[in-house]
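A closer look at the structure
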Amino acid sequence: MNHHGTPTRLQFYFDPLCPFAWLTSLWIREVRRFRPIEVEWKFFSLAGEEEDKWQGPLRIAALARREGGNQLVDRAYLALGRFAHEQPDSFDQIDVLADVIQPYLAAVGLDPSLAPRALEDPSTFDEVLAEHREAAQRLGAFGVPWLIVGEDQMGFFGPVIGQSLKGEEAVQLWDHFQWVGTRPYLYELKRGRKTMQDLAGLSADFIDEVPAVR
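The structure presented is a predicted model; accordingly, all values stated were derived computationally and were not measured. (Residues numbered from 1 in each chain as written. Predicted model: local features only at pLDDT ≥ 70, side-chain atom pairs only at ≥ 80, totals over all residues. Heavy atoms only, no water.)

1. Details of the overall build of the protein
Helix and strand content of the protein: eight helices and four strands. Starting at the N terminus, the α and β elements of the protein follow one another as β-α-β-α-α-α-α-α-β-β-α-α. Against the globule reference of 17 Å for 214 residues, the protein gives a C-alpha radius of gyration of 17 Å, in line with a compact fold. Along the three orthogonal principal directions, the C-alpha set of the protein runs to about 45 × 35 × 35 Å. Here the protein holds 214 residues, and the buried ones make up 48% of them. (Helix = DSSP H or I, 4+ residues; strand = E, 2+ residues; numbered from the N terminus. Rg over C-alpha atoms; globule rule 2.2 N^0.38 Å. Buried < 20%, exposed > 50% of the residue type's maximum accessible area, 1.4 Å probe, protein only.)

2. Topic: empty space enclosed by the protein
As enumerated under the stated definition, the model contains one cavity of 30 Å³ or more in all. Estimated volume of the largest cavity: approximately 40 Å³. Considering the residues around the largest cavity, the lining is formed by Leu23, Leu26, Trp27, Glu30, Ile161, Ser164, Leu165, Lys166 and Phe206. The dominant element in the lining of the largest cavity, judged by the number of residues it contributes, is helix α1 (residues 19-31), at four residues. Across the lining of the largest cavity, the residue classes tally to six nonpolar, one polar and two charged. (1 Å grid on protein atoms, 1.4 Å probe; cavity = no way out; pocket = protein on both sides within 12 Å on 5 of 7 lines; lining within 4 Å. Points joined across faces, edges and corners; volume = space filled by probe spheres on them. Nonpolar A, V, L, I, M, F, W, Y, C, P; charged D, E, K, R; others polar.)

3. Considerations on the environment of glycine 5
Within the secondary structure, glycine 5 sits in the segment before β1 (8-14). Under the relative-accessibility criterion, glycine 5 is labelled exposed at 59%. It is 7.0 Å that separates the C-alpha atoms of glycine 5 and proline 36, two residues lying 31 residues apart in sequence.

4. Digging into the pattern of salt bridges
Evaluated as defined, the whole model comprises 18 salt bridges. With a closest N to O distance of 2.6 Å, glutamate 30 and arginine 33 form a salt bridge. An identical accessibility class is assigned to glutamate 30 and arginine 33; each is buried. According to the relative accessible area criterion, glutamate 30 is buried, its value standing at 4%. A network of salt bridges, in which partner residues are shared, links Glu30, Arg33, Lys166 and Asp205. (Salt bridge = Lys/Arg side-chain N within 4 Å of Asp/Glu carboxyl O.)

5. Notes on the nonpolar core
Nonpolar side chains tend to gather and get buried jointly when the protein is soluble and globular. Membership of the largest hydrophobic core comes to 62 residues, with the highest contact counts inside it found for Leu10, Phe14, Trp27, Ile60, Ile101 and Trp174. With 15 residues, the top contributor of residues to this core is helix α2 (residues 56-85). Those residues in contact with tryptophan 174 that lie beyond four places of it in its chain are Thr8, Leu10, Trp27, Ile28, Val31, Arg35, Ile37 and Val149. (Core = buried A, V, L, I, M, F, W, Y, C linked by side-chain atoms within 4.5 Å. Contact = heavy atoms within 4.5 Å.)

6. Description of the side chain of histidine 132
Examined against the element boundaries, histidine 132 turns out to sit in helix α6 (residues 122-139). Judged by relative accessible area, histidine 132 falls into the buried class, the value being 7%. Not counting chain neighbours up to four residues away, the residues in contact with histidine 132 comprise Phe43, Phe44, Ser45, Gly48 and Glu49.

Spelled out as structure tokens, the structure:
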């Protein structure tokens, strides 16, 4: 593993309910095993700016950050993504999110009460909304995943990938994206989507890596 050198800062805007952002986040978690990357997890609401039940996962992540910084957002996103994308019928349970997400939070070493406390606290919505608006207005962000590499000012929508990447393939994509993502003259690359891999169970090995909370 190559963890030498100055870490590259990566701002990663996400909504836990987006399957494309989830798969890209698993790619970044894989790349972190081989490259020094400091990921700063940031919020973007696909539900828009009106308070809605679909912002519940982001509100849980917001309280995690308030109580434990970026490290706990990292854990919270792992829990929220596993719930949303790696089990059936998760979107049908959004009305009881405060209850059903608790074992997923516990599995990554977070206090299960984080969920009901976040959803009962209106200020968590304010935090999500402020970060969402900042991304939309300053960056022109319109969806997730939205990634900003290093000192780049704007970032890109994507990369959007359709399958889980491991090892050298994951690293090669990162190395190329890191270069492309800092070119000030490049604005857009896009092509039609094909298929997307079944997401069930893809995060299992990252769960095994979660250290104990100190």
